[in-house]
Number of protein chains: 4
Amino acid sequence: MAYLYQIPKIQYEGSKSQNPFAFKYYNPNELILGKTMKEHLKFSMAYWHTFTYDGKDPFGKEVMVRPWEEQSMDSMEIAKVRVGVAFEFMEKMGIEYFCFHDRDIAPEGKTLEETNRNLDVIVDLIECEMKRTGIKLLWGTANLFSNKRFVNGAATSPNADVFAYSAAQIKKAMEITHRLNGAGYTFWGGREGYETLLNTDMKFELDNFARLLHMAVDYAKEIGFMGQFYIEPKPKEPTKHQYDFDSSTVISFLRKYQLIDHFKLNIETNHATLSGHTMNHELRIAADEHLLGSVDANQGDLLLGWDTDQFPTNLYDSISIMYEILRAGGLTSGGLNFDAKVRRSSFNPEDLVIAHIVGMDTYAAGLKIAAKLWEDQILEKNLQKRYASYQKGIGKSIVSGSVGFKELESYAMSHPNLEQNETGKQELLESIINQYILG
Amino acid sequence: MAYLYQIPKIQYEGSKSQNPFAFKYYNPNELILGKTMKEHLKFSMAYWHTFTYDGKDPFGKEVMVRPWEEQSMDSMEIAKVRVGVAFEFMEKMGIEYFCFHDRDIAPEGKTLEETNRNLDVIVDLIECEMKRTGIKLLWGTANLFSNKRFVNGAATSPNADVFAYSAAQIKKAMEITHRLNGAGYTFWGGREGYETLLNTDMKFELDNFARLLHMAVDYAKEIGFMGQFYIEPKPKEPTKHQYDFDSSTVISFLRKYQLIDHFKLNIETNHATLSGHTMNHELRIAADEHLLGSVDANQGDLLLGWDTDQFPTNLYDSISIMYEILRAGGLTSGGLNFDAKVRRSSFNPEDLVIAHIVGMDTYAAGLKIAAKLWEDQILEKNLQKRYASYQKGIGKSIVSGSVGFKELESYAMSHPNLEQNETGKQELLESIINQYILG
Amino acid sequence: MAYLYQIPKIQYEGSKSQNPFAFKYYNPNELILGKTMKEHLKFSMAYWHTFTYDGKDPFGKEVMVRPWEEQSMDSMEIAKVRVGVAFEFMEKMGIEYFCFHDRDIAPEGKTLEETNRNLDVIVDLIECEMKRTGIKLLWGTANLFSNKRFVNGAATSPNADVFAYSAAQIKKAMEITHRLNGAGYTFWGGREGYETLLNTDMKFELDNFARLLHMAVDYAKEIGFMGQFYIEPKPKEPTKHQYDFDSSTVISFLRKYQLIDHFKLNIETNHATLSGHTMNHELRIAADEHLLGSVDANQGDLLLGWDTDQFPTNLYDSISIMYEILRAGGLTSGGLNFDAKVRRSSFNPEDLVIAHIVGMDTYAAGLKIAAKLWEDQILEKNLQKRYASYQKGIGKSIVSGSVGFKELESYAMSHPNLEQNETGKQELLESIINQYILG
Amino acid sequence: MAYLYQIPKIQYEGSKSQNPFAFKYYNPNELILGKTMKEHLKFSMAYWHTFTYDGKDPFGKEVMVRPWEEQSMDSMEIAKVRVGVAFEFMEKMGIEYFCFHDRDIAPEGKTLEETNRNLDVIVDLIECEMKRTGIKLLWGTANLFSNKRFVNGAATSPNADVFAYSAAQIKKAMEITHRLNGAGYTFWGGREGYETLLNTDMKFELDNFARLLHMAVDYAKEIGFMGQFYIEPKPKEPTKHQYDFDSSTVISFLRKYQLIDHFKLNIETNHATLSGHTMNHELRIAADEHLLGSVDANQGDLLLGWDTDQFPTNLYDSISIMYEILRAGGLTSGGLNFDAKVRRSSFNPEDLVIAHIVGMDTYAAGLKIAAKLWEDQILEKNLQKRYASYQKGIGKSIVSGSVGFKELESYAMSHPNLEQNETGKQELLESIINQYILG
């Protein structure tokens, strides 16, 4: 437990602090709209980025300095050490949730049995640490994209054996998630997509994907897993076209295949922008369908075309995300999972700490500003006024369904030049956001 | 009728012709897979681009040379003249279909009544010309985006009066489409979208959009219009976010609002690529749902971020589009509408003719190559082989639904190292396409 | 002059004000780093967007409500009225500079002589207003893109007559800029670019562009115009490829054609992002070459691929822009020109006022934060530390040029495992910016 | 040498061949414009993609099947085996050139000395194989991006020791390139760029980059290396901003730092499109400055934002690239290097062969079509006609520099309404390309 000894427990010191190892805005027990900050902001550590990302990129090798991992260790020893450091890390950060893929926490063995045994060993350790610390599992998932068997997909592989293997792997991942009282289980279809339609039967692959999800629903019932299922949209990368392109595409799929009652969405900022949407949009699409489940809190670089998974530092994003969450009545089972990796040049262990502080502060500041906006109802009152014409007269008739084309034509003919519009006031609304930020 | 006097009737002269005013590949009565080219390729002229585009762009004024339009003419005179020239143009091109917005063919008057009277006058002329020439209406539509009343949308406007006006305008557009025996009616939601979520109630706006479409379905029944309704996806422009983003988004909307039995999709190449998809993908998404309706045949520039609406010249596109259409069993009510405008520098009337020739030749060549690919079943046989593992054994059980996670885990445990994948052969498949092109 | 009667002179009311017609951050005479805010922030009104933008877009007609323009007026009457309103507007806003294209202020006549006479009439009025108000001309320019004669470019047109006309037009534009004591003259090559290389001799066109600029330099000397020449980079739109793609491309051109001593850059935020760069980057590139001239202060939407020319509201942008300007020692001849248009839905005259307030407040807040960053030297001290290895030893020898490959190989051989790098601290630096924003 | 035993020497079988292991268009000794195909098309194998790419991507592990590499081998044994297979591969493909990074061919040792000894051992083997086969080195280069020491750049690292190491590494790479009679030496600045300007002194870094290149020029002279130096532009990835953004940026840098006489450009298709340009454009920019050096022949996916490095299959690209090369008088020292990797799903050794066949056939077909276009001078005659106005009268005076603004104003005043433009004929020109493709 001495690995992070030089790092203190991170405390709130307020906005004037120049201590890199202190929160400036995240004050866990501060009350916001009647709830504590930490109730609003169920931060989660992403096991993969924080404890397995070694800095490799398509052009370079490992760079991360992780003193707890020694060259002499075998992969199980490393896996065990990481559990201890991870929980020490979360304790020091005051992060109460985590998320993992099966393959993040334990190495693959030579056979599925051995792999599952490896998992069991590590899950024992994790369970102990969870009990000791009170830290909870936000969601678990299975990594169905790294191993070469998934080269052509998992549930959407043209190879039935790979489908079978995927099912077996998810079964185990669900079991350990269940055992660890995971509040949710996420499907991110890493290679569920295609490279070229020249060799792809898209309909068959999507049918198979739905088959797999129905099996998961059935199995959850069988084992009594009551956690929330999530699908996480992403438009591209690693495959050219990922089937879970964006919120609308996923919702379309869920509704078509009668899965909509069993799933919500886990929405990621960087995936949103890669699909050509704002994060705001993606959240709203889900919330309007009562399918807003959880959030992967990171950010991308809009001038780059790949998933940079940066720690969130943009206040406009954190404000609008927290506003959408408040507007939707809060996340229930979900949280704010830092699916974010330190920049490759931020290779020291201290950078891991600082990056999480930055992310937590960014969301804390975002929450405070969003809460003030919500409390003042500035935007909501403007909406009410803007759409008021549907509360009376012909507008009310349209909404109630009591008129059709003929009645509306009569109305239009008898009310010439009536269509006087009002300004959308975009610049004013944007300046109000700035005023809330700057105080 | 002398406006295009210098342009001859365009004839097929074969691939060696150097005559810019001749078809090199489009040979209307040539048989391909048992049908004539012109049965496969129901080309349609887009009234707006071909007869109303004057060359204005955000940085410049009119440039198009259109000798049939004289400064002394009023807007109705111009509208009348255009009818004659348009039909002369289609006759000379051998184009048997056209599409229009209401506002393309007749100018707006001071009142809706006057506007509708203007329409009636022009529709009389069009009807005459249709009888005379045998040219048919592929689909009609209403322009609900140019007039300033639509500044905040039409059916999705926050102003109920604008909704009413939109309904009235569509009613008339449907009536004239019905009168002209239109095979379809298209909804392209020019300003159905938003600029910023700060001032937008997206759910309410989408509900309203669905209300309008249901009214249209009801009214079609009432007047006996049996044509096919289409929605045309586009992701952005003019609004920041267009509600009909892409095929998946539209299908999601149609299914949610119980409209899916009444609509198909009209898919445009340039809109596809603006949404981050290949045209191929968008067509396949629709075809797999039996919702492939019609095609707007143009092309964009993938290095530019706006809708350039270029005439289609890319053979890879025309081959893949025609292949998807053949694979789907052909378009039924739909056709290939040249929603394309000549480049601003191609401002002469001759350029209009040449651009349509180029578009028709590109699709004719695309059809011939796609038909050969389909006939040889090269791609389809590869698919059958690639997915063969689902025809037997565990794969068959997966597809039939007779196994779940437990059975699949047992299978995976008892078949270690079974997941041997096969190469996707993308490079080989791409080279085969080239071989079909080059002959 | 009562057109804006309902709009008061805009006053600074401080950050708590809820008055849309007041500055919250822009306090003109407040001292920042020893200079007043208005000396730092030489705001300029863009005549074109603010007084000639009527709301047309590629899909719609005029929407802007401008009560000072009546249908009965001819184009010269409108031009005259606009002068009065424009200066009233600037006075009320406290904007001390403006920019214009020749064609913004006066309509084209039937001949170049008549056009120039129109200009002279309006320039007389402007000169009067400038004297009356003390408002100054930041820069003038010629519109060489709207008229159809420029369909294939101006100086880069394949038509020598168009080159000649362009020269004549610029000559007059320079003369009126000179007469109005313009501090600068800008070249934005609206259609200096190409649509397709299939019909373009790029080298010849670039040679011609350089010829034109040399003529301008010569003519400035002849008439004694001492104002600064600027080139404004933009990568695309209206043409597919604009020759002045980005800062680096323009600098390359200036250096190649021996124009570099006569020009600086006028850099626009939205053009920067369209070229794939941050605004920060574009400014730094210019500043590092001592070519940072002036700024077009707007913003784009990074999810859209065209020039949206939005009013600047993003604080991260205004902070980094003001920081680069402070770091470069300030703009000398240049200023901050709002090359920005109100959103199409913000069609009321009040929106014009509000949009400028928002822009000015955004830059004022940006300035204050950037000045604090600069004063504290947070970033600069970090840089000094980061590059310290070049201040001594082998680093110093590298910089001084006293070592070559052989010496460096010897050094590397004799210092194994020396290359210990330090973290780049990106997350920490980003969080510091947030702390400066949030206070 | 039996590793590729099942692969025959690839022969030309003509366009009707259905043999995946035969050329359909590449007929090495066929005469085109007086030279053999293989003289026009100096194909080069990229050692890294073809012999070291193992299929890792940011989401997955090795997938490539390479039977010549056994788990029991150490890294030098693998390096040795690869030399044999690589030359066998090139012989069978009829590829007469190759390119490599130092670290592709030999593994790093514990010290620079050991690393250099490893290199020497392998270079001995390569030299033997070159003599045996007659295969030549197109260019060599140093990998200054994979090792963790380059995490913050090489020549542009803030760490002087890293600069020193880089110089030492390049020295050796130049020496082995020289020993192997390399026709060129390439600089691709893998991490020469920045992640954020918050921590970057761009000017200092660029100065250092220039210092390094001058050292390279000096050292080449010293050792008598007469090969051509190249810089390879790329706009982003791995860093957010790569200093060698595009052709214009590189040329600007070379001219500023007096390096322009010593370098040419090595231009890659996928890098071109990532920078927002067509490949055509990038080649033309270089050719117009007499700086077109060599080509990295691959292709990207314009709907994806990262470097996919696909094997070239697009005929429009290969035609336009070969046309630019023919127009520029051919590549002299350079060639067509397949900086392309097989798709991750194309993991069999056979796919390597097929992918190279596809690339070679694509360029062969491109050459034949481009040569016909050039021979017929279709495009060039159009250019002459289009710019003819500069051959006489006022146009000639403009070009000769004998007129200025005053003369041109007089001309414009005395020639009213003269500026009659001509159509750019883009659609017609595009259709002509199709006709040349389809025959």
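Calculation rules
- Residues numbered from 1 in each chain as written.
- Chains lettered and ligands numbered in written order.
- Predicted model: local features only at pLDDT ≥ 70, side-chain atom pairs only at ≥ 80, totals over all residues.
- Heavy atoms only, no water.
- Core = buried A, V, L, I, M, F, W, Y, C linked by side-chain atoms within 4.5 Å.
- Buried < 20%, exposed > 50% of the residue type's maximum accessible area, 1.4 Å probe, protein only.
- Contact = heavy atoms within 4.5 Å.
- Least-squares fit on C-alpha atoms with pLDDT ≥ 70 in both.
- Phe/Tyr/Trp six-rings, centres within 6.5 Å; stacked < 30°, edge-to-face > 60°.
- Helix = DSSP H or I, 4+ residues; strand = E, 2+ residues; numbered from the N terminus.
- Lys NZ or Arg CZ within 6 Å of the ring centre and 35° of its normal.
- Expected span 1.5 Å × (residues − 1).
- Polar contact = N/O pair within 3.5 Å; in protein donor to acceptor, adjacent residues only side chain to side chain.
- Salt bridge = Lys/Arg side-chain N within 4 Å of Asp/Glu carboxyl O.
- Nonpolar A, V, L, I, M, F, W, Y, C, P; charged D, E, K, R; others polar.

(A) Layout of the nonpolar core. Judged by nonpolar contacts, the single largest core of 594 residues is most densely connected at Phe98 of chain A, Phe98 of chain B, Phe98 of chain C together with Phe98 of chain D. The contacts of Phe98 of chain C, once residues within four sequence positions are left out, are Ser44, Met45, Tyr47, Phe87, Met90, Ile126, Met130, Ile135, Lys136, Leu137, Leu138 and Trp139 of chain C.

(B) Up close: the relation of the copies chain B and chain A. At an RMSD of 0.0 Å, chain B and chain A line up after a rotation of 180° and a shift of 0.0 Å along the axis. Here the two chains are linked by the operation of a two-fold rotation axis. Looking at the rotation axis and the C-alpha trace of chain B, the residue lying nearest is Ser252 of chain B, at 2.1 Å.

(C) Highlighting the packing of aromatic side chains. Using the criterion set out here, one finds 110 aromatic pairs over all chains in the structure. Here the aromatic rings of Tyr26 of chain B and Phe43 of chain B are separated by 5.3 Å at their centres, their planes lie at 75°, and the arrangement is edge-to-face. Taken together, the residues span a long stretch of sequence, with Tyr26 of chain B in the loop between β2 (22-23) and β3 (31-32) and Phe43 of chain B in strand β5 (residues 43-46) at a distance of 17 residues. We classify Phe43 of chain B as buried; its relative accessible area is 2%. One aromatic cluster is present, formed by Phe23, Tyr26, Phe43, Phe311 and Phe338 of chain A through successive ring pairs. Over the face of the ring belonging to Tyr165 of chain A we find Arg149 of chain A, whose NZ or CZ atom lies 3.6 Å from the ring centre.

(D) Quick look at helix α11 (residues 315-327) of chain C. Residue and element names in this part refer to chain C. Taking 1.5 Å as the rise per residue, α11 with 13 residues should run 18 Å; its terminal C-alpha atoms sit 18 Å apart, in good agreement. Burial runs high along α11: 11 of the 13 residues are buried. Residues of α11 that are buried: Leu315, Tyr316, Ser318, Ile319, Ser320, Ile321, Met322, Tyr323, Glu324, Ile325 and Leu326. One side-chain oxygen at the N-terminal end of α11 lies 2.8 Å from the backbone nitrogen of Tyr316; it belongs to Asn314.

(E) Inspection of the interface of chain B and chain A at higher detail. Taken residue by residue, the interface counts 90 residues in chain B and 90 residues in chain A. Linking chain B to chain A there are 6 salt bridges. As a salt-bridge pair, Lys171 of chain B and Glu409 of chain A come within 2.7 Å of each other at their nearest N and O atoms. Residue composition of the side of chain B that touches chain A, by class: 41 nonpolar, 25 polar and 24 charged.

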